[in-house]
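Coordinate inspection notes
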Amino acid sequence: MCVGLPMTVVSSEASSALCVRRGEHRSVSTVLVGDVTPGEHLLVFIDSAVRKLDAEEARLIDDALDGVAAALEGRPFEHLFADLIDREPQLPDHLRTR
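Here we summarise the structure given alongside this text. (Residues numbered from 1 in each chain as written. Predicted model: local features only at pLDDT ≥ 70, side-chain atom pairs only at ≥ 80, totals over all residues. Heavy atoms only, no water.)

Section: a nonpolar patch on the surface
Heads up, the rule is: Two distance rules govern patches: like charges are joined within 9 Å, and nonpolar side chains (Val, Leu, Ile, Met, Phe, Trp, Tyr) within 5 Å, applied only to residues with over 30% relative accessible area and no salt bridge. For the area figures, the Shrake-Rupley method with a 1.4 Å probe applies, and any residue is considered shielded solely by the protein chains shown. A side-chain nitrogen of Lys or Arg and a carboxyl oxygen of Asp or Glu constitute a salt bridge if their distance falls within 4 Å. For helices the rule is a DSSP run of H or I covering at least 4 residues; for strands it is a run of E covering at least 2, with both sets numbered from the N terminus onward. We call a residue buried when its accessible area falls under 20% of the maximum for its residue type, exposed when it is over 50%, and partly exposed in between, using a 1.4 Å probe and counting protein chains only.
On the surface, Val31, Leu32 and Val50 cluster together into a nonpolar patch covering about 290 Å² of accessible area. Mapped onto the fold, Val50 is located in strand β5 (residues 48-53). Note on Val50: relative accessible area 36%, which makes it partly exposed.

See below:
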């Protein structure tokens, strides 16, 4: 299974960017997302950016990843899924009946 990680662009050139996540720096291909600028957030799979994220979505993904790690370690995790508490799950648009 491949897990996408939110990363922040530090610098960029032609078709790559230096990105950081929690102190780890990586060179990331930006061929699939086009030009990027420092401060932008990217969803990265195996050193390739697959789409741009806004800061809130990047935070929610980080919280979810932290929540899974906490659950696996037997630590409290519910607070990391605050956006899911007290609401019914929703199907993605492409799966809804028209």
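Moving on from the model shown.
As for the pairing of strand β3 (residues 24-29)
The two faces of a sheet get side chains in turn, since along a regular strand they alternate between them. Applicable threshold: Strands pair, by our definition, only if DSSP identifies at least two bridges between them.
Bridge analysis of strand β2 (residues 16-21) against β3 gives six bridges, and the strand direction is antiparallel. Residue pairing in the sheet places Ala17 in a bridge with Val28 of β3. Here β2 folds back onto β3, and the loop between the two strands holds two residues, one of which, Arg22, carries a positive phi near 50 degrees.

Topic: the side chain of Thr30
Applied cut-off: Contacts are residue-level and defined by heavy atoms, with any inter-residue pair within 4.5 Å sufficient.
Relative to the helices and strands, Thr30 resides in the loop between β3 and β4 (41-45). The exposure class assigned to Thr30 is buried, which follows from its relative accessible area of 4%. Excluding residues within four positions of it along the chain, Thr30 makes contact with Ala14, Ser15, Ser16, Ala17, Val36 and Leu42.

Focus: the packing of aromatic side chains
Ring pairs (aromatic) are described by centroid distance and by the angle formed between their planes. Defined as follows: Each Phe, Tyr or Trp ring, with Trp reduced to its six-membered ring, pairs with another whose centre is within 6.5 Å; inter-plane angles below 30 degrees give stacked pairs, above 60 give edge-to-face pairs, and intermediate values give tilted ones.
A full pass over the atoms with the stated rule returns one aromatic pair. When the ring of Phe77 is compared with that of Phe81, the centres are 6.3 Å apart and the planes differ by 85 degrees; the resulting orientation is edge-to-face. Overall, the relative accessible area of 30% leaves Phe77 in the partly exposed class.

Section: the pattern of salt bridges
Using the criterion set out here, one finds 11 salt bridges in the structure. A salt bridge links Glu24 to Arg26; its shortest N-O distance comes to 3.0 Å. In this structure, Glu57 engages Arg51 in a salt bridge whose closest nitrogen and oxygen atoms are separated by 2.6 Å. Taking the relative accessible area as the measure of exposure, Glu57 reaches 26% and is therefore partly exposed. One salt-bridge network, held together by shared partners, links Arg21, Arg22, Asp62 and Asp66.

Focus on helix α1 (residues 55-72)
One turn of the α-helix equals 3.6 residues, which is why residues spaced by three or four share an orientation. The following threshold applies: Between the first and last residue of a helix there are one fewer steps than residues, each counted as 1.5 Å, and that sum is the expected span. By the criterion applied in these results, polar contacts are pairs of N or O atoms within 3.5 Å in which, for protein atoms, one can donate a hydrogen and the other can accept it, and in which residues neighboring in sequence qualify only through two side-chain atoms.
Between the first and last C-alpha of α1 there are 26 Å, a value that for 18 residues agrees with the 26 Å anticipated at 1.5 Å per step. Among all positions in α1, only Ala58, Ile61, Asp62, Asp63, Gly67 and Ala70 are buried. Taking the backbone nitrogen of Glu56 as reference, a side-chain oxygen 3.1 Å away marks Asp54 as the first, capping residue of α1. With its phi angle positive at about 75 degrees, Gly74 sits one or two positions after the end of α1.

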